[in-house]
Amino acid sequence: MANVTVIGAQWGDEGKGKIVDWLSERADVVARFQGGHNAGHTLVVGDNVYKLSLLPSGIVRGTLSVIGNGVVLDPWHFRDEVAKLKGQGVMINPGNLQIAETCPLILPFHRDLDGLREDASGAGKIGTTRRGIGPAYEDKVGRRAIRVCDLAHLDDLGPQLDRLTAHHDALRAGFGEAPIDREALMAELRDIAGFILPFVQPVWLTLNKAKAEGKRILFEGAQGTLLDIDHGTYPFVTSSNTVAGTAASGTGLGPSGAGFVLGIVKAYTTRVGSGPFPTEQENNVGQRLGERGHEFGTVTGRKRRCGWFDAVLVRQSVAVSGVTGIALTKLDVLDGFETLKICTGYRIGDQTFDYLPAHAQDQAKAEAIYEDIEGWQDTTAGARSWADLPAQAIKYIRRIEELIGCPVTLVSTSPERDDTILVRDPFAD
Ligand code: GDP
Ligand code: IMO
Ligand code: MG
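Residues numbered from 1 in each chain as written. Chains lettered and ligands numbered in written order. Predicted model: local features only at pLDDT ≥ 70, side-chain atom pairs only at ≥ 80, totals over all residues. Heavy atoms only, no water.

With that settled, consider the layout of surface pockets. Its boundaries defined by the atoms lining it, the largest pocket holds a volume of some 740 Å³. Lining the largest pocket are 39 residues, with Ile126, Thr128, Thr129, Val237 and Thr238 sitting closest to its centre. When residues of the lining of the largest pocket are traced back to their parent elements, those giving at least two are α3 (108-120) and α4 (133-141). Broken down by element, the residue count for the lining of the largest pocket peaks at four residues, all from α4. Its residues placed into classes, the lining of the largest pocket shows 13 nonpolar, 17 polar and nine charged. Its volume calculated, the second largest pocket comes out at about 540 Å³. What lines the second largest pocket is a set of 26 residues, and nearest its centre among them are Thr42, Gly293, Arg304, Lys330 and Pro415. Counting only elements with at least two residues in the lining of the second largest pocket, the list comes to α1 (16-24), β3 (41-45) and β4 (48-52). (1 Å grid on protein atoms, 1.4 Å probe; cavity = no way out; pocket = protein on both sides within 12 Å on 5 of 7 lines; lining within 4 Å. Points joined across faces, edges and corners; volume = space filled by probe spheres on them. Helix = DSSP H or I, 4+ residues; strand = E, 2+ residues; numbered from the N terminus. Nonpolar A, V, L, I, M, F, W, Y, C, P; charged D, E, K, R; others polar.)

Take the sheet that holds strand β17 (residues 408-412) next. The mixed open sheet is built from 10 strands, whose spatial order is β7-β6-β5-β2-β8-β1-β9-β13-β17-β18. Two strands lie at the open edges of the sheet, namely β7 (200-201) and β18 (420-422), each paired on one side alone. (Pairing = 2+ DSSP bridges.)

Near ligand 2 you find 20 residues, and of these Asp13, Lys16, His41, Thr129 and Thr238 are the closest. Here an oxygen atom of ligand 2 and a side-chain polar atom of lysine 16 are 2.7 Å apart. Contacts to ligand 2 include glycine 40, whose backbone N or O atom sits 2.9 Å from an oxygen atom. Protein coverage of the free-state accessible area of ligand 2, which is 550 Å², stands at 98%. The pocket occupied by ligand 2, as judged from atoms lying within 2 Å of grid points, is the largest pocket. Broken down by class, the residue content of the shell around ligand 2 amounts to seven nonpolar, 10 polar and three charged. (Near = heavy atom within 4 Å. Polar contact = N/O pair within 3.5 Å; in protein donor to acceptor, adjacent residues only side chain to side chain. Areas by Shrake-Rupley, 256 points an atom, 1.4 Å probe, with all protein chains shown as cover. Sits in = over half its atoms within 2 Å of the grid points.)

Turning our attention to the domain arrangement of the chain. Split into domains, the chain comes out as domain 1 (4-102 + 199-260), domain 2 (108-196) and domain 3 (265-428). In this structure, domain 1 and domain 2 have C-alpha centres spaced 23 Å apart. Opposite the 30 residues of domain 1 that make contact, domain 2 presents 21 residues. A salt bridge links arginine 79 to aspartate 191; the nearest nitrogen and oxygen atoms lie 3.6 Å apart. Across the domain 1-domain 2 interface, the total number found is five residue pairs in polar contact (both at pLDDT 80 or more). Secondary structure elements with two or more residues in the side of domain 1 that touches domain 2: α2 (75-87) and β6 (97-100). Split by residue class, the side of domain 1 that touches domain 2 holds 14 nonpolar, 13 polar and three charged. (Domains from an automatic or database assignment. Contact = heavy atoms within 4.5 Å. Salt bridge = Lys/Arg side-chain N within 4 Å of Asp/Glu carboxyl O.)

On β6, burial covers both faces: Leu97 and Ile99 on one face and Gln98 and Ala100 on the other are all buried. As defined by bridge partners, strand β5 (residues 64-67) adjoins β6 across three bridges and the pair is classed as parallel. Residue pairing in the sheet places isoleucine 67 in a bridge with isoleucine 99 of β6. Tracing the backbone out of β5, into α2 and back to the parallel element β6 gives a crossover that is right-handed. Judged from the two bridges that link them, β6 and β7 form a sheet pairing that is parallel. Within β7, the residue paired with alanine 100 across the bridge is glutamine 201. (Buried < 20%, exposed > 50% of the residue type's maximum accessible area, 1.4 Å probe, protein only. Right-handed = clockwise from strand over helix to strand, strands pointing away.)

Our focus in this paragraph is the site of ligand 1. Around ligand 1, the surrounding shell holds 19 residues, and the nearest of these are Lys16, Gly40, Thr42, Asp332 and Ser412. Glycine 40 is positioned such that a nitrogen or oxygen atom in its backbone is 2.8 Å from an oxygen atom of ligand 1. Interatomic distance of 2.7 Å between a side-chain N/O atom of threonine 42 and an oxygen atom of ligand 1. Contact with the protein chains hides 93% of the accessible area of ligand 1, taken as 580 Å² for the molecule alone. Elements represented by at least two residues in the shell around ligand 1 include exactly α1 and β3. A per-class count over the shell around ligand 1 returns three nonpolar, nine polar and seven charged. If you count residues domain by domain, the shell around ligand 1 takes at least three from each of domain 1 (4-102 + 199-260) and domain 3 (265-428).

This brings us to the coordination of the magnesium ion (ligand 3). At 2.0 to 2.2 Å from the magnesium ion (ligand 3) lie its protein donor atoms, namely Asp13 (OD) and Gly40 (O). You can see aspartate 13 sitting in the loop between β1 (4-8) and α1 and its partner glycine 40 sitting in the loop between β2 (29-32) and β3, a full 27 residues away along the chain. (Donors = N, O, S within 2.8 Å, 3.2 Å for Na, K, Ca; no water.)

Here it is in structure tokens:
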């Protein structure tokens, strides 16, 4: 079976959207399995730029796209994103877009709580997207969530809403906020239900049927492994499992369906929001990477923090996500550097590490140990074949493969869909 699971192998924004879009030409189904509209996936097709947060990137090509149960869904955002993409000429209808019945809903008070907590956290804030992702997942795990399937049973919502509002009203009172206006919430839910329900399906069944028919399923991860709730730089993480294993639990297809795990890896490192970042360059190197790479958040517009490639982190991501091969993106951003640095280990106090220790204080203290590698002066921008790459760029790629213990499957050399070098076809495995 030739499925592909795409995941971010750093702190998100590795270029997953571009690669999913490129691969989706040959996929029969594209499925999101975790996260929500905290994601921001950018697709560039000629003069058209598409930014997707909640919808699977396959929708732009019209490929059957499904939002799996592992995703938290803001129904009003869903409506807006559908409208925005339709405005760009993308065909979207219940024939090519499905939402799992069991997705928990992100409600307005989740967004409020996300913002209230961030505002109250001072220097300790996570730097979330303030879109209510964390609070919605808390309610899912707390067994209080209202789910997509509840939209078809709004008249029976009473006892569920009692539990949910009792929980949130106590939290809101702690922030000096008024209780939830239940009438207003019910009116908003009734208003949005009619838009959402036509898209709702038992997505696990759709995917299992597709699998049985030998169709190609492409899983689209959001965020990145270092933002994973278990494996990331906790507590500076998102509230879902971002590793490849979640493709199974977040859709209902089962672990044998994951197929080729394609880790998306930027040729340097970026991070948005707070938290440890051992190779961060708060100097002209970081500035140059940020400017050349246009490193501004797709969702929040925040400036992304930038630094050198960290082979230790990516090696760890390759391990915990079971990555089969990587897509190395934004190689062109490194054009023209005299010397490049790659992090090969950390120094913490008088100890050295070849992995990132779990404790937040150790992570904050980790100093990168670098090796230097000669840069290249020719351009890689727009390269579409291995032969177009300068010899030093190939050496850089080969060194990364050695250090992370994983082969390069694709190389991306510009935002444009077709500026992609195929080394090995992930669907062919
Ligand atoms: P995602 O969240 O992983 O989908 O990544 P984002 O879309 O948030 O950020 C990646 C940014 O880099 C987007 O603006 C892409 O258009 C752009 N991009 C993707 N691949 C390349 C590449 O190879 N070179 C350059 N210069 N930009 C790229
Ligand atoms: P894509 O899919 C980069 C970060 C936020 C913050 C932390 C928690 O585009 O790669 P949250 O709102 O999820 O509770 O925020 O996670 N974050 C991302 N960073 N790319 C993303 O998605 C992100 N989604 C969340 O900046 O540090
Ligand atoms: Mg992004």
